[in-house]
Amino acid sequence: MEKAIKNRDLLSFAHLACTDSNQLHAVCLDTYPPIFYMNDTSHRIISCVEKWNCAEGTPQVAYTFDAGPNAVMIARNRKTAALLLQRLLYNFPPQSDTNEICMELCVRIHFTHF
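The rules behind each value
- Residues numbered from 1 in each chain as written.
- Predicted model: local features only at pLDDT ≥ 70, side-chain atom pairs only at ≥ 80, totals over all residues.
- Heavy atoms only, no water.
- 1 Å grid on protein atoms, 1.4 Å probe; cavity = no way out; pocket = protein on both sides within 12 Å on 5 of 7 lines; lining within 4 Å.
- Points joined across faces, edges and corners; volume = space filled by probe spheres on them.
- Helix = DSSP H or I, 4+ residues; strand = E, 2+ residues; numbered from the N terminus.
- Nonpolar A, V, L, I, M, F, W, Y, C, P; charged D, E, K, R; others polar.
- Buried < 20%, exposed > 50% of the residue type's maximum accessible area, 1.4 Å probe, protein only.
- Pairing = 2+ DSSP bridges.
- Expected span 1.5 Å × (residues − 1).
- Arc of directions from axis to C-beta.
- Polar contact = N/O pair within 3.5 Å; in protein donor to acceptor, adjacent residues only side chain to side chain.

A.B. asks: Which residues make up the layout of surface pockets, and what are the values?
C.D. replies: Approximately 180 Å³ is the volume attributed to the largest pocket. Lining the largest pocket are Leu11, Ala14, His15, Cys18, Thr19, Glu50, Asn53, Cys54, Gly57, Thr58 and Pro59. Looking at the lining of the largest pocket, the elements with two or more residues in it are helix H2 (10–29) and helix H3 (40–56). Here the element with the most residues in the lining of the largest pocket is H2; it accounts for five residues. Here the residues of the lining of the largest pocket sort into five nonpolar, five polar and one charged.

A.B. asks: Explain the pairing of strand E1 (residues 61–65) to me, and be specific about the residues and the numbers.
C.D. replies: The buried fraction of E1 amounts to four of the five residues, a majority that puts the element mostly inside the structure. By the bridge criterion, five bridges tie E1 to strand E2 (residues 71–75) in an arrangement that is antiparallel. Within E2, the position partnered with Tyr63 by the bridge is Met73. Linkage of E1 to E2, two consecutive antiparallel strands, is achieved through a turn of five residues.

A.B. asks: Give a detailed account of H3, specifying residues and quantitative values.
C.D. replies: For H3, built from 17 residues, the straight-helix expectation of 24 Å at 1.5 Å per residue is met to within 8% by its first-to-last C-alpha distance of 25 Å. Of all the residues in H3, the buried ones are Thr41, Ser42, Ile45, Ile46, Cys48, Val49, Trp52 and Asn53. Along the long axis of H3, the arc covered by the buried residues comes to 160°, so they all point the same way. Exposed residues pointing more than 90 degrees away from the buried face of H3 are listed as Asp40, Lys51, Cys54 and Ala55. The N-capping residue of H3, defined by a side-chain oxygen 3.0 Å from the backbone nitrogen of Thr41, is Asn39.

A.B. asks: Now, about unusual backbone geometry: what can you tell me, with residues and values included?
C.D. replies: The omega angle of the peptide bond from Tyr32 to Pro33 is -5°, so this bond is cis rather than trans. Examined against the element boundaries, Pro33 turns out to sit in the loop between H2 and H3. Phi is positive for Arg8, close to 55°, though the residue is something other than glycine. Following the sequence through the fold, Arg8 ends up in the loop between helix H1 (2–6) and H2.

The structure is reproduced here in structure tokens:
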């Protein structure tokens, strides 16, 4: 991970971050009794990111989750972070009767110059 960050290698960083996050939550599900940190929204966020990264042929965004359902997303740069926000708003639109984003969605977006 340190090498990927030092070399600004988003491909390696994204692979490590996403894999590590997925494995942590898989272990939590494999305990007895199982621990459910992620929710349906968490899984939808993963799906959105994986589809986007796959369509582009290279990672645009990496994700990880805190010890709960809250996504932390790392974007390649400011432009990619803006595109990510657009995608999230499309997939998780604000409620029609309010100006607030869906309360289920808790995401932190970080960008760096990879």
